[in-house]
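Reading the structure
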Amino acid sequence: MNQHEEKINLLKKYYKQIKTNNSFYIASGIPYSKLNNALESFALELDMSEILGFYDITTSGTGKNGYIFSDTAIYYIELSEKPEQIYYNKIKNIELPGTYEKNYNNGIKFTMDNNQVILLKSFFLNKIPLFNFLQEMLVIINKQQEADKNIFNISGSISVFSEMTGAMSGGNSASRYGTVNKLYDEEKFHARQGHGFAAERANNLFDKLTGHDAHIIGDDNQKNGADRILDGNYIQSKYCGTGPRCVNECFENNGHGSFRYMHKGKPMQIEVPSDKYEAAVEAMKVKIEHGQVPGVENPEEAINIIKKGHFTYEQAKNIAKAGTIESLAYDSVNGIITATSSFGITALITFATSVWNGEDFNYALKTAAYSGLKVGGTAFLTSIIASQLSKAGLNSALVGSSEAIIGLMGPKASAVLVNAFRNGSNIYGAAAMKSAAKLLRGNIITAGITMVILSSSDFVNIFRGRISGKQMFKNLTNTAAGLAGGTGGFLAGAAAGSAIFPGAGTLIGGLIGSVAAGAATSKVSSVVLDTFLEDDAEEMTRIIESMFTSLAFDYLLNQEEAEKIVINLQEELDGKKLQDMFASNDHELFARNLLLPLIEDITSKREKIYIPDNKEMTNVIKEILENASDNSLMELI
């Protein structure tokens, strides 16, 4: 039962005693015409989904006067009075004075948090049952507010990872996956013509954000191939210091030969800096007049071949540098994209887990939103800082050490690493080792920055004397373990996913692996530690325990589900069963086959998840941010 339903049931308990006539309706039983009149008359801003009940006090039954009880407040208008609202969470004190206090006429006295006094003394209301209803409603509201407060205290004075769920590990791993691939692609920015690669990606990003179908395809290094595709058109990017130089780069023999970039017998579009466009068009006209463009005779076709880029030559150069406005803007946009993805992954898994744990819908939604904002904020900062540090030279400084590590790993292990993290088709051998070194550098930078961001509260607390050095060391260790576990799980899952379903399977497998491994390494479950104690079966029970722990994280079991499975397992697990397991050829497989039917039986009874829509998520994020303190907002990032 969610809190809305709990409040409806509470009103059902008292409404017959509260009313003095017969026009009190509960929730969905309210006549539409009456409710519509009431909303127009005194509750225009109220969302109909929040309504618990409506008490119509009009003699004609129009609904234009009365009391609407909602999740958050009582909206009312009495005869010949103006509309009023009493918000439950603003009530500081509530009293029911005796009849001897004539001024109150046995009404209800509300003292609000701003010390305003409201008297509710209408003869349409029986005060004692209404008072009792409000007292119980405040208990529910206070419980909800305390839960909201606890959401903001997830990190507290200890490391974020010590409280991090598998959902947050999955979201962080997904963001690191995106950031590492971005750093891998942008290593070309450090080359002599790095601004050209920067322009190519910046133009592609701009086109995507403006609703076009745009893809980078030039990473395959195909000779005379296109750099990217825009709405089906093949494009080669040429960002040079002058328009004629941009054009000359497209022809053989230093500009004296034939046009190089053809696709199916037609010239590709050449994308040039926006400030070099006119000069490039004129230069291309000359080339056409000289017969250097196959199949094109009209010089005016130059305007169809030369495409005006979205950025100038200097802007492209600045995007490839650290610390410039253009560079920060480009990295910020990419950071928002990465953060949005990690927010969605984290929020969805957290929401589902909370519902399975029996949490109220609104609490589950708020927990999901907070977790998503937390991980999304970390992802946003990590993406920007990692990209800026890489452009500043940190990536280059790690070349020697990363190549040495990859050399020790060898080509096979390197192929596993690179194909798990890298976008595109699988590569092997020397090419895999070179790419793996690039990815390793990106992972080192990204993981280091993520750890600093996640541990930032610990650094603040140690200087404020709020935690000991010993506690800080423990927190940093837990954070590092969570990061390592999430990354390791992502690699293992991605490798398995790629083998089963290349492409999408890589990311899906990585997410599953990081959720399980990240949660396991940051907070190991102890549900079954003392359950299996047999004299000569210690080795077998340890295998069952290990397999149960692994499956518990795979299936996101909550404590109640785990306890039920343990009880069911105890009924099946006897001396003979353990002897059969010992005699089997594969102990782990035996344990898995023993546990899976029990787990699947329990999880099949879970509540079906209703995924909140964009409006619900937007509203709860707005509520979180509006109610958050400055310190809470800082914790989000």
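Since the structure is predicted, the reported quantities are computational estimates derived from the model, not experimental observations.

This brings us to the overall build of the chain. Looking only at helices and strands, one finds 24 helices and 15 strands in the chain. Contacts spanning at least 24 positions in sequence make up 64% of the contacts within the chain whose residues lie at least 6 apart. Here the chain displays about 31,200 Å² of accessible surface, and carbon together with sulfur accounts for 53% of that area.

A few words now on the pairing of strand β2 (residues 51–56). Among the six residues in β2, six count as buried, and that is most of the element. Strand direction decides the pairing type here: strand β1 (residues 24–26) and β2, joined by three bridges, are antiparallel. Looking across to β2, one finds that Tyr25 is bridged to Phe54. Sheet analysis places β2 next to strand β3 (residues 66–70), joined by five bridges and oriented antiparallel.

Further remarks concern unusual backbone geometry. For residues other than glycine, phi is negative in most cases, and the peptide bonds are mostly trans. Backbone geometry at Ala27 places phi at a positive 40°, although glycine is not the residue there. Residue Ala27 is classed as partly exposed on the basis of its relative accessible area of 22%. Phi at Lys264 takes a positive value of approximately 55°, unusual for a residue other than glycine. You can see Lys264 is positioned in the loop between β12 (262–263) and β13 (266–267). Taking the relative accessible area as the measure of exposure, Lys264 reaches 77% and is therefore exposed.

The strand order across the open sheet formed by five strands is β9-β10-β11-β14-β15, and the pairing between neighbours is mixed. The open sheet has two edge strands with one neighbour each: β9 (214–216) and β15 (306–308). Across the sheet, the mean angle from the axis of one strand to that of its neighbour is 35°, orientation sign disregarded. Packed onto the sheet, helix α5 (residues 194–209) meets β9, β10 (228–230), β11 (233–237) and β14 (269–272) and runs at close to 155° relative to β9. Strands β14 and β15 of the sheet are contacted by helix α8 (residues 277–289), whose axis makes an angle of about 175° with β15.

Enumeration according to the criterion identifies twelve salt bridges in this entry. The salt bridge partner of Glu314 is Lys317, with a shortest N-O separation of 3.9 Å. Residue Glu314 and its partner Lys317 are located together in helix α10 (residues 313–319), separated by three residues, close to a single helical turn. You can call Lys317 partly exposed: its relative accessible area is 26%. Connected via shared salt-bridge partners are Asp207, Arg228 and Glu271.

Looking only at helix α2 (residues 32–42), the buried set comprises Lys34, Leu35, Ala38, Leu39 and Phe42. Along the axis of α2, the buried residues cluster in a sector spanning 130°; they form a single face. Facing away from the buried side of α2 by over 90 degrees, the exposed positions are Tyr32 and Glu40. If you follow the buried residues of α2, they end up packed against β1, β2, β3, β4 (73–77) and β5 (84–87).

Further remarks concern the sheet that holds β1. Reading across from one edge, β1-β2-β3-β4-β5 is the order of the five strands in this open sheet, with antiparallel pairing throughout. If you trace the sheet from one side to the other, it starts and ends with β1 and β5, each paired once. Looking at each pair of strands side by side, their axes are set apart by 15° on average, direction ignored. Contacts between helix α1 (residues 3–18) and the sheet are confined to β1, β2 and β3, with β1 contributing the most and set at about 160° to the helix. The sheet strands contacting α2 are β1, β2, β3, β4 and β5, and the helix crosses β2 at an angle near 90°.

Now for the nonpolar core. Counting 34 residues, the largest nonpolar core has Tyr67, Phe69, Phe110, Leu120, Leu130, Phe133 and Leu134 as the members making the most contacts within it. The dominant element in this core, judged by the number of residues it contributes, is helix α3 (residues 127–152), at eight residues.

Attention now goes to α8. In an α-helix there are 3.6 residues to a turn, and that puts residues three or four apart on one side. Taking 1.5 Å of rise per residue, 13 residues should cover 18 Å, and α8 covers 19 Å from first to last C-alpha, within 8% of that figure. In this fold, the buried residues of α8 make contact with α6 (243–248), α7 (252–255), β14, α9 (302–305) and β15. Looking at the residues trailing α8, positive phi occurs at Gly291, about 75°.

Let's shift gears to the packing of helix α11 (residues 325–356) against helix α12 (residues 361–391). Direction vectors running N to C along α11 and α12 enclose 150°, while the axes themselves pass 6 Å from each other. In terms of their interaxial angle, α11 and α12 are classed as roughly antiparallel. Crossing handedness for the pair α11 and α12: right-handed. Residues belonging to the contact of α11 with α12 are distributed by class as follows: 18 nonpolar, 16 polar and two charged.

Rules used in this analysis
Residues numbered from 1 in each chain as written. Predicted model: local features only at pLDDT ≥ 70, side-chain atom pairs only at ≥ 80, totals over all residues. Heavy atoms only, no water. Helix = DSSP H or I, 4+ residues; strand = E, 2+ residues; numbered from the N terminus. Contact = heavy atoms within 4.5 Å. Areas by Shrake-Rupley, 256 points an atom, 1.4 Å probe, with all protein chains shown as cover. Buried < 20%, exposed > 50% of the residue type's maximum accessible area, 1.4 Å probe, protein only. Pairing = 2+ DSSP bridges. Axes fitted to C-alpha atoms, helices over the stretch in contact; angles between N-to-C directions. Salt bridge = Lys/Arg side-chain N within 4 Å of Asp/Glu carboxyl O. Arc of directions from axis to C-beta. Core = buried A, V, L, I, M, F, W, Y, C linked by side-chain atoms within 4.5 Å. Expected span 1.5 Å × (residues − 1). Parallel < 35°, antiparallel > 145°, perpendicular 65-115°, else oblique. Left-handed = near helix turned anticlockwise from the far one by under 90°. Nonpolar A, V, L, I, M, F, W, Y, C, P; charged D, E, K, R; others polar.

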